[in-house]
Amino acid sequence: MRVAVSPGKLSRLTTAFRVILAIPAAVVSLLLATGTAIVIFIAWLFALAAGRLPGSLHQALAAVLRYAVRYCGYRYLLTGAYPAGLFGDKPGSRTGPASSSGQPRSA
């Protein structure tokens, strides 16, 4: 997996208000972290009994991880995009350099 962050234009005014704008995203991130602890325990039990993780639990954990990464990128001023997309991305909305197979796209 690759992470691509392109530098964006940041103004002083935007970065000053970013702390205020990040408060709702921080609350959502905190609630997700609390709920994820319960989901991880349930996923561990399923994996212990079945030998693999069910797809629905995998998708839930992936959605939480995606949101957490987007929130941290916004908070650390790596991107100007507000963290969204908690329930997954729309098909075909990948903007990174990698294709769905994980291999780089050829030009």
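Here's what I pulled together on the structure shown here. The structure displayed is predicted, hence computed values, not measured ones.

### Thoughts on the nonpolar core
Within soluble globular proteins, side chains that are nonpolar generally end up buried alongside one another.
Turning to step 1, where the next piece is worked out: With 7 residues, the main nonpolar core is built from A22, A25, L32, V64, Y67, Y71 and Y74.
Turning to step 2, where the next piece is worked out: If you list the elements that add at least two residues to this core, you get α1 (12-50) and α2 (55-75).
Turning to step 3, where the next piece is worked out: In this view, A22 contacts Y71 and Y74; residues no more than four positions away in its chain are not counted.

### Description of the packing of aromatic side chains
Turning to step 1, where the next piece is worked out: Throughout the structure, instances matching the rule amount to 2 aromatic pairs.
Turning to step 2, where the next piece is worked out: Where Y74 meets Y82, the ring centres are 5.2 Å apart and the plane angle is 75°; that geometry is what we call edge-to-face.
Turning to step 3, where the next piece is worked out: Given a relative accessible area of 4%, Y74 falls into the buried group.
Turning to step 4, where the next piece is worked out: A residue is classified by how much of its surface remains accessible, and Y82, at 39% relative accessible area, is partly exposed.
Turning to step 5, where the next piece is worked out: In this arrangement the basic side chain of R18 is found over the ring face of Y74, its NZ or CZ atom lying 4.3 Å from the centre.

### Some thoughts on α1
Turning to step 1, where the next piece is worked out: Helix geometry: α1 is bent most strongly at R18, by close to 40°.
Turning to step 2, where the next piece is worked out: Those residues of α1 not exposed but buried are R18, A22, A25, S29, L32, T36 and A43.
Turning to step 3, where the next piece is worked out: Those residues of α1 that are buried lie in contact with α2.
Turning to step 4, where the next piece is worked out: Positioned one or two residues after α1, G51 has a phi angle of 90°, which is positive.

Basis of the calculations
- For every chain, the first residue of its written sequence is number 1, and the numbers climb from 1 along that sequence.
- Side-chain atom pairs in this predicted model are given and counted only at pLDDT of 80 or more, local residue features only at pLDDT of at least 70, and totals for whole chains, interfaces and linings cover all residues.
- Only heavy atoms go into the side-chain values, all of them from the structure, while hydrogens and water stay out.
- Buried Ala, Val, Leu, Ile, Met, Phe, Trp, Tyr and Cys residues form a nonpolar core when they are joined through side-chain atoms within 4.5 Å.
- Summary of the burial criterion: residues with accessible area below 20% of their type's maximum are buried, those above 50% are exposed, and those between are partly exposed, where the area comes from a 1.4 Å probe applied to protein chains only.
- The way it works is that DSSP assigns letters per residue, a run of H or I at least four long becomes a helix, a run of E at least two long becomes a strand, and they are numbered from the N terminus.
- Should any heavy atoms of two residues lie within 4.5 Å, those residues are considered in contact.
- Only Phe, Tyr and Trp rings are paired, with Trp represented by its six-membered ring, and only when their centres lie within 6.5 Å; those with planes under 30 degrees apart are stacked, over 60 edge-to-face, the remainder tilted.
- Criterion for a charge above a ring: Arg CZ or Lys NZ at most 6 Å from the ring centre, at most 35 degrees from the ring normal.
- Note on bend: the value at a residue is the angle between axes fitted to the seven residues ending there and to the seven starting there.

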